[in-house]
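Breakdown of the fold
Each chain is listed here by its residues.
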Amino acid sequence: MTTQPSPDESAWEAQLRRAGLAAFLLATAASFAFFAFFPGLPHVIDWGAIVTSLAVGALARWARRSQLSKRRGAHPQS
């Protein structure tokens, strides 16, 4: 027998998804812009820059979701 998720848990999961997506997109775009416009770097976007930008985005997503989960654990009434 499985338990049904409460509306509060569904809302929390949706908030985590939105925050994770926003962090991923922002960090990926910032990293990509760094490789594209930083003086002194070759102004060519190669596969290494793309993969690195995606990795930075994934790391930012993980960090944001972890931060929000810890905050909710510290304040269960939130």
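Check the entry above for the structure.
What counts, and at which threshold
Residues numbered from 1 in each chain as written. Predicted model: local features only at pLDDT ≥ 70, side-chain atom pairs only at ≥ 80, totals over all residues. Heavy atoms only, no water. Helix = DSSP H or I, 4+ residues; strand = E, 2+ residues; numbered from the N terminus. Buried < 20%, exposed > 50% of the residue type's maximum accessible area, 1.4 Å probe, protein only. Areas by Shrake-Rupley, 256 points an atom, 1.4 Å probe, with all protein chains shown as cover. Polar contact = N/O pair within 3.5 Å; in protein donor to acceptor, adjacent residues only side chain to side chain. Contact = heavy atoms within 4.5 Å.

1. Here's the deal with the overall build of the protein chain
Counting its regular elements, the protein chain contains two helices and zero strands. Going through the 78 residues of the protein chain one by one, you find that 19% of them count as buried. Roughly 6,000 Å² of accessible area belongs to the protein chain as shown, and the carbon and sulfur atoms make up 67% of that amount.

2. Side note on the environment of T28
Mapping T28 onto the fold places it in helix 1 (residues 7-37). T28 sits in the buried class, given a relative accessible area of 15%. Separated by 32 residues in sequence, T28 and A60 have C-alpha atoms that sit 8.6 Å apart.

3. Some details on the side chain of T28
Looking at T28, its side chain comes within polar contact range of the main-chain oxygen of F24, at 2.7 Å. With residues up to four places along the chain from it excluded, the contact list for T28 reads S53, L54 and G57.

4. Quick word on the side chain of S31
Among the structural elements, S31 can be located in helix 1. Residue classification places S31 among the buried residues on the basis of a relative accessible area of 10%. Not counting residues within four places of it along the chain, the set of residues in contact with S31 comprises T52, S53 and V56.

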